[in-house]
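Here's the letter readout for the chains.
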Amino acid sequence: MASTLTFFSQRRLINLGLLLSAVAAFWALQESYANGIRSTGLLSGTALFGTCLVLALFNARKKLPFIPLLKASTWTQFHIYAGWFAVVVFFFHTGLRMPNGLFEIALYSVFLAVALSGVLGLILSRIYPSRLRLYGENLMYERIPSLRQQLQADVEKIIWKSVNETKSFTLARMYESKLKAYFSAKKNTFHHLIGSEKPVNDLTEELNQLQRYMVAAERVFLAEVIECVKAKDNLDMQATCQGVLKYWLFIHIPLTFSLLLMGLLHGLMALAFN
Amino acid sequence: MSEAPATISRPQRWDVPFESAMGAVAVARILSIPPFSQIDASRFPASTSLPDILLNDTGLRSFKKNQVIVREGDYGNSAFFIITGSVRVALGKDAIPAEVLGRRQPEKKDFLSTLRQLWGNARYPEVRSLRRYKEAKAGAEHEKGDDTTAIFLHDIPSVLKGGTAVLTAGMFFGEIAALSRTPRTATIFAEEDCELLEIRWQGLRELRLRAPEIKQFIDTNYRKYSLENHLRETKYFKDLSPAELKEVANQTRFETYGSFDWHSNYKKNRDVAPEERIKEEPLIAEEGQYANGLVLIRAGFARMSQKYNQGERTASYLSRGQMFGFDEIAHNWNTKDSAPLQYTLRALGYVDVLVVPTSVVEQYILPKIPQASFPPPIVAQNKQINDRRDGELSTDVVEFLVDNRFINGRATMVMDLDRCTRCDDCIRACASAHDNNPRFVRHGHQIGRYMIANACMHCLDPVCMIGCPTGAIHRNALGGQVVINDTTCIGCSTCANSCPYNNIQMVEIRNELGEHILDQENRPVTKAAKCDLCVEQMTGPACVNACPHDALTRVDMQDTQTFAKWLQR
């Protein structure tokens, strides 16, 4: 069976096995602490804080690409599975009880936010790359604003040409009423986030409906405008999804540092008052 | 406060000579020795006169008895001419064990220098030290280059695995590696105290171009030695006795297809449809014809294709060391059949081949092969497009690699776009490792979910090196990475224009204050810049090391199995 598994599925199985072993070992340790009437809260709290600290080191590792500290992809794998381990330990630590007191509620919420943002980041990093590839031309994120401006200028040129050559204003009116706003800024962010093509399909359909009011020559320009609409949709999609992939860390990382700080305070208070 | 702009004189070809000790007396002496004395100096233009070439592109070297001059496997950028004494060539692959040759590891940055990149990188793009350029003008390239510590062979009979050949005064050696941009094929050591003239390959190229006597001399040697060396290294020829090998070599034909500087033609025809382009590729052997010889690829690349409906399906590509036609010849000899060639072989750009006639293969080679080692019998095939086994590249990938000549890459950057989150950690890592200057672009040709990024591939046949007037772009002697010596680069753009993959950028350099460095005419000074495969970094390529999602790798296109495995992860 093993020979039919790909490298990634083999790695997933091994890592899952290691995670389950770590959880089982932790559970056994917790049980032995409980039987010895020692504080399981201290054990799980220390394990949780330590794990979170190690997880946070991944960010430091990223800043040191030239130091031989294992490949970043190895760290990612460790980060993913150690993250799941932290979630399990968190539930051991809290005993699945709801928090009480303002600080505890805040700490509890921040942990959940860090964990959820991590899981969300993992899911997005597995879903969005292929969507980006399949949707349209791959673009560099930094170049998207200038490409958008260029595209708008191109569309305006087409409209002017259409007016000059056909003396018909159907396209120009459509541009003024709807397309100008569409081309001048990023649109349909929510739909791009969820992978819906409804807005661009609706718009192209609306543009196609205009054909009946056009002379034959104007229809040629309409086809060019529709191509630009699709290109703009790809720009928006690339900007939205690449933006999310880039900026979700701006939520995950600051939350992690808040968590570490609050976790440290929580630990100190627990040690001081118990 | 206004300061004078940072200026240097525009870099010139011979700003940094190969050897500073070469003077007029040494040049006059060389010009008195044949074949240099026979060269008609009037054939050389005033800008690159014969004495100037000898003055700037050559150096005198003395070697003691048993001292190693060149080592098998090292990348050489120069050839040698024997002035006095004699040298001995160790024949055969790995004729002298690597440990005896004192092969060292490529030099890497130490831990502190590595760590210093965290805060020591420049704040502006493409910052260079003016002091370094000024100092370099006073010195010479070779003296500060990748010269190795003197290595002497002791107890030669016991360390030598194969035979040797002697080269005496008046002969050239090392020109094969220098001209074909390949590793040295043999280790050569001094048989007695000797004096040699080392010629930088740019100088050798000028000599070949302007002096027919030198060209003929070198080309004869090139054909003779490359042929014998190649046969000796080939799988089925290893068991031949020296006499048999000589006989086989005598009957082997040396053939060349395509153009040596294939890149210009390739760039011109890049937009032609693939099915049209394939017809333009020089035909070496045709499917359906009788296999009248075993074709051994000596240098360059060849496409192995099969008729498929109205077109041709590329089954594979062959490069140095691979052979074509053996299966058919062996099958026919073994089964008394007359199966024709199953594939067509065409030159991709430029290719050197050795053709061993079928009768010679049948007489000397096949009888020595055990029955179990024979290739499987040929059966009529009806292979479909993209039929592939594990460890094999699919047809579309092979076609893509061949059409775009990515087969040339030894460290091609391949990205899996279905795993790449466009986080640019690879770019940032690259910039960190290169004084804040990224040396590749996350953009390039795509096949399905894979992209070949615009990063130097450290080609098997680095055509970027062909036109470099100073040898600034060269192979690292130990690892073979194609690197640029920033000091000797004169910013002529020849390498950038030659690279078929647009992987070399010309950059305008600045001083530490971020000001452009200008020449005497107030024009910005440019330098060629590209990926150096992080040759000095402790971790190897920073881009691969930094990718958090296993989306990026560097691939040797000659190792198709590893590549196929990576694609099939």
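Structural data are supplied above this passage.
What comes next concerns the included structure. In this text the structure is predicted, and so the values were computed from the model without any measurement.

Rules behind the numbers
Residues numbered from 1 in each chain as written. Chains lettered and ligands numbered in written order. Predicted model: local features only at pLDDT ≥ 70, side-chain atom pairs only at ≥ 80, totals over all residues. Heavy atoms only, no water. Phe/Tyr/Trp six-rings, centres within 6.5 Å; stacked < 30°, edge-to-face > 60°. Helix = DSSP H or I, 4+ residues; strand = E, 2+ residues; numbered from the N terminus. Buried < 20%, exposed > 50% of the residue type's maximum accessible area, 1.4 Å probe, protein only. Lys NZ or Arg CZ within 6 Å of the ring centre and 35° of its normal. Expected span 1.5 Å × (residues − 1). Core = buried A, V, L, I, M, F, W, Y, C linked by side-chain atoms within 4.5 Å. Contact = heavy atoms within 4.5 Å. Salt bridge = Lys/Arg side-chain N within 4 Å of Asp/Glu carboxyl O. Pairing = 2+ DSSP bridges. Axes fitted to C-alpha atoms, helices over the stretch in contact; angles between N-to-C directions. Buried area = accessible area lost by both parts, 1.4 Å probe. Polar contact = N/O pair within 3.5 Å; in protein donor to acceptor, adjacent residues only side chain to side chain. Nonpolar A, V, L, I, M, F, W, Y, C, P; charged D, E, K, R; others polar. Disulfide = S-S within 2.5 Å.

Within this structure, the stated rule accounts for 19 aromatic pairs over all chains. Judged by centre distance (6.3 Å) and plane angle (10°), the rings of Phe58 of chain A and Trp75 of chain A are stacked. Here the residue Phe58 of chain A occupies a position in helix α2 (residues 40–62), and Trp75 of chain A occupies one in helix α3 (residues 72–94), the gap between them amounting to 17 residues. Across this residue pair, the class does not change: Phe58 of chain A and Trp75 of chain A are buried. Among the aromatic residues, those joined into a cluster by ring pairs are Phe90, Phe91, Tyr108 and Phe111 of chain A. The residue whose ring lies beneath Lys336 of chain B is Trp333 of chain B, and the NZ or CZ to ring-centre distance is 5.8 Å. For Arg569 of chain B, the ring lying beneath its charged end belongs to Trp566 of chain B, and the centroid distance is 4.1 Å.

Here the focus is α3 of chain A. The end-to-end C-alpha distance of α3 of chain A is 32 Å, a good match for the 33 Å that 23 residues give at a rise of 1.5 Å each. Immediately downstream of α3 of chain A, the backbone of Gly95 of chain A shows phi near 60°, a positive value.

All names here are of chain B. Core analysis: the biggest nonpolar cluster contains 43 residues, and Leu393, Leu401 and Phe563 have the highest contact counts within it. For this core, the secondary structure elements donating two or more residues are α11 (262–268), β14 (344–357), α15 (395–403), β17 (450–454), α17 (494–498) and α19 (560–567). Ranked by residue count, the leading element in this core is α15, at five residues. Excluding its chain neighbours within four sequence positions, the residues that come into contact with Leu401 are Tyr317, Leu393, Phe406, Ile407, Met557 and Phe563. Of all hydrophobic cores here, the second largest spans 40 residues; its members include Tyr236, Tyr343, Ala347 and Val361.

Another aspect to go through is the pattern of salt bridges. Per the counting criterion, the structure on display carries 33 salt bridges over all chains. Two residues, Lys232 of chain A and Asp236 of chain A, come together in a salt bridge whose shortest N-O distance is 2.6 Å. Of this pair, Lys232 of chain A and Asp236 of chain A both sit in helix α9 (residues 216–247), separated by four residues, roughly a single helical turn. Here the two residues Lys232 of chain A and Asp236 of chain A agree in accessibility, since each one is buried. Of the charged contacts, one joins Glu213 of chain B and Arg43 of chain B as a salt bridge, the two residues approaching to 3.7 Å between their closest N and O atoms. Note that Glu213 of chain B is positioned in helix α9 (residues 212–233) and Arg43 of chain B in the loop between α1 (24–31) and α2 (50–57), a separation of 170 residues in sequence. For Glu213 of chain B, a relative accessible area of 25% gives the class partly exposed. With a relative accessible area of 36%, Arg43 of chain B lands in the partly exposed category. Here the salt bridges share partners, and the residues they tie into one network are Arg133 of chain A together with Asp416, Asp418, Arg449 and Arg569 of chain B.

All names here are of chain B. Spatially, four strands are ordered β2-β7-β4-β5 in an open sheet, and the strand pairing comes out antiparallel. Since the sheet does not close on itself, it has two edges, and those belong to β2 (68–70) and β5 (164–168), each with one partner. Going across the sheet, the axis of each strand differs from the next one's by a mean of 35°, ignoring polarity. Where β2 meets strand β7 (residues 187–190), two bridges bridge the pair, whose relative direction is antiparallel. Looking at the pairing, Val70 lines up with Ile188 of β7.

What follows is about the sheet that holds strand β15 (residues 412–416) of chain B. Residues and elements named next belong to chain B. Here we have four strands laid out as an open sheet, ordered β16-β17-β15-β22, and antiparallel in their pairing. Either end of the sheet is taken by a strand with one partner, and the two such strands are β16 (441–447) and β22 (552–555). Strand after strand, the sheet turns through a mean of 40° between neighbouring axes, direction not considered. Note: β15 against β17, three bridges, orientation antiparallel. Considered in β17, the bridge of Val414 is made with Ile452. Contacting β15, β17 and β22, α19 runs over the sheet at an angle of about 20° to β15.

Turning to the interface of chain A and chain B, a few remarks are in order. Quoted interface sizes are often the accessible area lost when the parts come together. Contacts between the two partners involve 30 residues from chain A and, on the opposite side, 35 residues from chain B. Summing the contributions of chain A and of chain B, the shared interface buries around 2800 Å²; its carbon and sulfur component is 58%. The tally of links between chain A and chain B comes to four salt bridges. A salt bridge links Asp418 of chain B to Arg133 of chain A; its shortest N-O distance comes to 2.6 Å. Counting every contact that joins chain A to chain B gives 11 residue pairs in polar contact (both at pLDDT 80 or more). Of all the elements in the fold, those that place two or more residues in the side of chain A that touches chain B are α1 (7–35), α2, α3, α4 (102–135) and α9 of chain A. No other element matches the six residues that α4 of chain A contributes to the side of chain A that touches chain B. Taken together, the residues that form the side of chain A that touches chain B break down as 14 nonpolar, seven polar and nine charged.

We now examine unusual backbone geometry. Residues and elements named next belong to chain B. Here the residue pair Pro34 and Pro35 is connected by a cis peptide bond, since its omega of 5° sits within 30 degrees of zero. With respect to the helices, strands and loops of the structure, Pro35 is situated in the loop between α1 and α2. Phi angles above zero are rare outside glycine, and Asp435 is one such case at about 55°. Residue placement: Asp435 occurs in the loop between α16 (425–433) and β16. By relative accessible area, which is 26% here, Asp435 ends up partly exposed. You will see that Asn436, though not glycine, has its phi angle at about 70°, which is positive. Take Asn436: it is sitting in the loop between α16 and β16.

All names here are of chain B. Alternating residues of β7 divide into Thr187 and Phe189 and Ile188 and Ala190, and every residue in both groups is buried. Here strand β4 (residues 86–90) pairs with β7 via four bridges, running antiparallel. Considered in β7, the bridge of Arg88 is made with Phe189.

Below, the discussion takes up the state of the cysteines. Here, the word disulfide means a covalent bond between the sulfur atoms of two cysteines. Residue and element names in this part refer to chain B. A full pass over the atoms with the stated rule returns zero disulfides over all chains. Just so you know, Cys423 is unpaired, no disulfide at all, and the nearest cysteine sulfur is the one on Cys426, 6.3 Å from it. The thiol sulfur of Cys456 is not disulfide-bonded, and the nearest other cysteine sulfur, from Cys531, lies at 5.6 Å. Of the residues examined, Cys456 reaches a relative accessible area of 9% and is grouped as buried.

Residue position: Thr421 of chain B is located in the loop between β15 and α16. We classify Thr421 of chain B as buried; its relative accessible area is 4%. Setting aside chain neighbours within four positions, we find Thr421 of chain B in contact with Ser125, Pro129 and Leu245 of chain A together with His549 of chain B.

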